[in-house]
Amino acid sequence: MEYTQLGRTGLKVSRLVLGTMNFGPRTDEADSHRIMDAALDAGVNFFDTANVYGFGADKGRTEEIIGSWFAKGGERRDKTVLATKVYANMAPEGPPAWPNHDKLSALNIRRAVDASLRRLGIDHIDLYQFHHVDRDTPWDEIWQAVDVLVQQGKILYAGSSNHAGWHIAQANEAAARRGSYGLVSEQCLYNLFERRAEMEVIPAARGYGLGVIPWSPLHSGLLGGALRKEREGTGARSVSGRSADMLADPAVRAQIQAYEDLLDKHGLEPGEVALAWLLTRPGVTGPIVGPRTADQLASALRALELTLPAELLASLDEIFPGPGPSPEAFAW
């Protein structure tokens, strides 16, 4: 396993991040434990979750499953860099019964940290991420809450998710004024098909020393051999859901067909190439993979062994051209 620093921190993390969103909703506790064991055995030390995972009436269930895995001992917690998130409304149904039960007020951050720690059965969170930007809470308030949590030993680092480039700049400028450490990572939608993050989010992250953690590296299965699975009748996402919806667009379908044809010529698996491509991108710490099964984890791990030649990278750029840097992408 290859490791890298998380942004400007001294923290070393694996170049593949284990996403846990399926633990509970799609993967039962026993299989979730087996996947985490296999990931740790392979050297994956960076696990990502969120307080809201589990969804619906089971919000928080994923953190509980991770907590029961930690409780089995065997240095599981000591070997794992754990990231979780705060922002979502944690009420089981609909809006919260009372205000201040979501977003990034100091009050909700304090409550949410303690609730996540209880579910996880641990004494601290390594990376605490803001799941979305809160337009109603000033960054000075957010950093005041974070600084207290760091001093209390409840969290080590703070990161963002789904933030624009200017949000990253605003956040870290506010942190600098306070003498706070600021954001150390940004978790964003980024993959071969969806490259808009290259315009401003990734440049801002690199400029402020944040590690970039892409989510949905296969774009809801679109880059994982969706057309092949459609022909073979395998893969639920090729039949219904977001991947099927996107493939209904003839232009998208032609693009994915060109992608799969290219990789067939090279004898490569689409999903593995999509992950390997992200590992070549400047500023990327590691993509998040969310396996439902141990076999899916094994496929993701194989991506770490791929070296994509310059000719193939150029061909991928032709099929999925990026937007180019800002401001040249929208100006002269």
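Please read all numbers here as calculations on a predicted model, not as lab measurements.

Asker: Please explain the pairing of strand S7 (residues 155–161) as it appears in this structure.
Answerer: The side chains of a regular strand alternate between both faces of the sheet. Across the 7 residues of S7, 6 count as buried, placing the element largely inside the fold. For strand S6 (residues 125–130) and S7, the ladder comprises 5 bridges, and the chain directions are parallel. Opposite glutamine 129, over in S7, you have glycine 159 as the bridge partner. Assessed by its sense of winding, the connection that carries the chain from S6 through helix H5 (residues 139–152) to S7 is right-handed. With 3 bridges joining them, S7 and strand S8 (residues 183–189) adopt parallel strand pairing. In the sheet register, alanine 158 faces S8, and the bridge partner there is leucine 183. At this point the chain moves from S7, through helix H6 (residues 165–178), to the parallel S8, and the crossover so formed is right-handed.

Asker: For this particular structure, what's the right way to read the pattern of salt bridges?
Answerer: Pairing is possible between side chains of opposite charge, provided their charged atoms come close. Taken as a whole and judged by the stated rule, the model has 19 salt bridges. Measuring nitrogen to oxygen at the nearest pair gives 2.8 Å for the salt bridge that ties lysine 85 to aspartate 48. With a gap of 37 residues between them, lysine 85 in strand S5 (residues 81–86) and aspartate 48 in strand S4 (residues 46–48) connect regions that are remote in the sequence. The class for aspartate 48 is buried, based on a relative accessible area of 3%. Residues joined by salt bridges that share partners form a network here, namely Arg195, Glu198, Arg281 and Asp317.

Asker: What is the right way to look at the layout of surface pockets in this model?
Answerer: By rolling a water-sized probe across the atoms, one finds the places where empty space is left. Empty space within the second largest pocket amounts to approximately 280 Å³. Lining the second largest pocket are 15 residues; nearest its centre among them are His163, Ala164, Leu189, Ala197 and Val201. Broken down by element, the lining of the second largest pocket gets its largest block of residues, 3 residues, from S8. Within the lining of the second largest pocket, the residues separate by chemical class into 8 nonpolar, 3 polar and 4 charged.

Asker: What exactly am I supposed to notice about the sheet that holds S4 here?
Answerer: Strands sit in the order S9-S8-S7-S6-S5-S4-S3-S10 across an open sheet of 8 strands; the sheet is parallel. Lying at the two open borders of the sheet, with one neighbouring strand each, are strand S9 (211–215) and strand S10 (288–289). Bridge analysis of S8 against S9 gives 5 bridges, and the strand direction is parallel. From the neighbouring strand, glutamine 187 faces S9, where its bridge partner is isoleucine 213. Contacts from H5 reach S6, S7 and S8 within the one sheet, and its direction differs from that of S7 by about 150°.

Conventions used here
Residues numbered from 1 in each chain as written. Predicted model: local features only at pLDDT ≥ 70, side-chain atom pairs only at ≥ 80, totals over all residues. Heavy atoms only, no water. Buried < 20%, exposed > 50% of the residue type's maximum accessible area, 1.4 Å probe, protein only. Helix = DSSP H or I, 4+ residues; strand = E, 2+ residues; numbered from the N terminus. Pairing = 2+ DSSP bridges. Right-handed = clockwise from strand over helix to strand, strands pointing away. Salt bridge = Lys/Arg side-chain N within 4 Å of Asp/Glu carboxyl O. 1 Å grid on protein atoms, 1.4 Å probe; cavity = no way out; pocket = protein on both sides within 12 Å on 5 of 7 lines; lining within 4 Å. Points joined across faces, edges and corners; volume = space filled by probe spheres on them. Nonpolar A, V, L, I, M, F, W, Y, C, P; charged D, E, K, R; others polar. Contact = heavy atoms within 4.5 Å. Axes fitted to C-alpha atoms, helices over the stretch in contact; angles between N-to-C directions.

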